[in-house]
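# Descriptive analysis of the structure
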Amino acid sequence: QTLTPDPTQPANVGSLGRSIASDGDWLVASQYIGGVHVWRRDASGAYQLTQRLDEPPPPTKTLYGYRVAIEGDLLAITRPMELPNAAPTFGRVLVFRNVAGTWTLEATLISSRAYALQQSSFFNSQFGISVDVNEGRILVGAELGVDQLPASPNSRHGTAHLFEQVNGAWAETKLLLSENRRHQELFGSSVAMDGDTVMVGAHLGFCLLYTSPSPRD
């Protein structure tokens, strides 16, 4: 089966497949131009296009859908960079939840350092360059994130941000920093989670593993 946003169009229209993810009967693929598309596997085993998730207004039509991740009833779609000279000028992650078969926008996540960075010339942390969803949590990489404030060229080693629901609202519960802090290491360029283990990769050729000291509730 070949999946396209419109079955009458060629598979390469609009660069479908920029990022893909699947879980159970659901499959998600983003498109460079055209938003994020969701398919569901039917009883025959074929995938049927069920929904198109467009960028909420005001649309930037740039990096929306750069990365997608899905697990259970949670879907995360990243937008790591805004248009130049737009406000606010930092990346974000859009969280959708499956309610009775329909994916609905639930929250927009930003870095805990976004507004501090906006006051400097180092606002573009690439928050959302990577993302993963696991057990109701969302892990977001920012490969140009600063590990100390105030921001400076020497502090842009990259960061990773863990989000969880606290009292019914999404909140950043952990900021992960590289132990190496080498120039241009791009820590956070890839992220993954599995239970109580969190993994964050860097372009310089290493991956840091973090484990919870005790079982989570």
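Structure report, in brief. Starting from 1, residues in each chain are numbered consecutively following that chain's sequence as written. With the structure being a predicted model, the display of local features is reserved for residues of pLDDT at least 70 and the display and counting of side-chain atom pairs for 80 or more, all residues being used for whole-chain, interface and lining totals. Excluding hydrogens and water, the side-chain figures rest on all heavy atoms present in the structure.

## Looking at the packing of aromatic side chains
A pair of aromatic rings is counted whenever rings of Phe, Tyr or Trp (Trp by its six-membered ring) have centres within 6.5 Å, and the orientation is called stacked for planes under 30 degrees apart, edge-to-face for over 60 and tilted otherwise. One pass over the structure, following the stated rule, counts two aromatic pairs. With a centroid separation of 5.4 Å and an interplanar angle of 85 degrees, the aromatic rings of W26 and W103 are classed as edge-to-face. Residue W26 is located in strand β2 (residues 26-31), and its partner W103 is located in strand β8 (residues 102-109); the two are separated by 77 residues in the primary sequence. There is no split in this pair, since W26 and W103 are both buried. Taking the centre distance of 6.1 Å and the plane angle of 75 degrees together, the rings of F127 and F163 count as edge-to-face. Think of it this way: any DSSP run of H or I at least four residues long counts as a helix, any run of E at least two long counts as a strand, and we number them from the N terminus. Burial classification: accessible surface area is computed with a 1.4 Å probe over protein chains only, and a residue below 20% of its type maximum counts as buried, one above 50% as exposed, and the rest as partly exposed.

## Concerning the sheet that holds β8
Judged by pairing direction, the sheet is antiparallel, and its four strands sit side by side in the order β5-β6-β7-β8 without closing on themselves. Each of the sheet's edge strands pairs with one partner strand only, and the pair in question is β5 (68-71) and β8. Strand-to-strand twist in this sheet, taken as the mean axis angle between neighbours without regard to direction, amounts to 20 degrees. Only when DSSP finds a minimum of two bridges between them are two strands counted as paired. The pairing of strand β7 (residues 92-99) with β8 spans seven bridges and is antiparallel. Bridged to L94 within β8 is T108. Every angle, taken between N-to-C directions, lies between 0 and 180 degrees, and every axis is a line fitted to C-alpha atoms, over only the stretch in contact when it is a helix.

## Some words on the environment of N180
One can find N180 in the loop between β12 (169-177) and β13 (190-194). When the C-alpha atoms of N180 and L208 are compared, they prove to be 9.9 Å apart, with 28 residues separating the residues in sequence. If we ignore the near neighbours within four places in the chain, the residues touching N180 are E185, F206 and L208. Throughout, a contact is declared for two residues whenever any of their heavy atoms are within 4.5 Å.

## Focus: the sheet that holds strand β9 (residues 127-134)
Backbone-to-backbone hydrogen bonds pair the strands of a sheet. The strands run either parallel or antiparallel. Taken together, four strands build an open sheet; the order of strands is β9-β10-β11-β12 and the sheet is antiparallel. Where the open sheet ends on each side, the last strands, each with one partner, are β9 and β12. Pairs of neighbouring strands in the sheet enclose a mean axial angle of 25 degrees, with direction left out of account. Where β9 meets strand β10 (residues 137-142), six bridges bridge the pair, whose relative direction is antiparallel.

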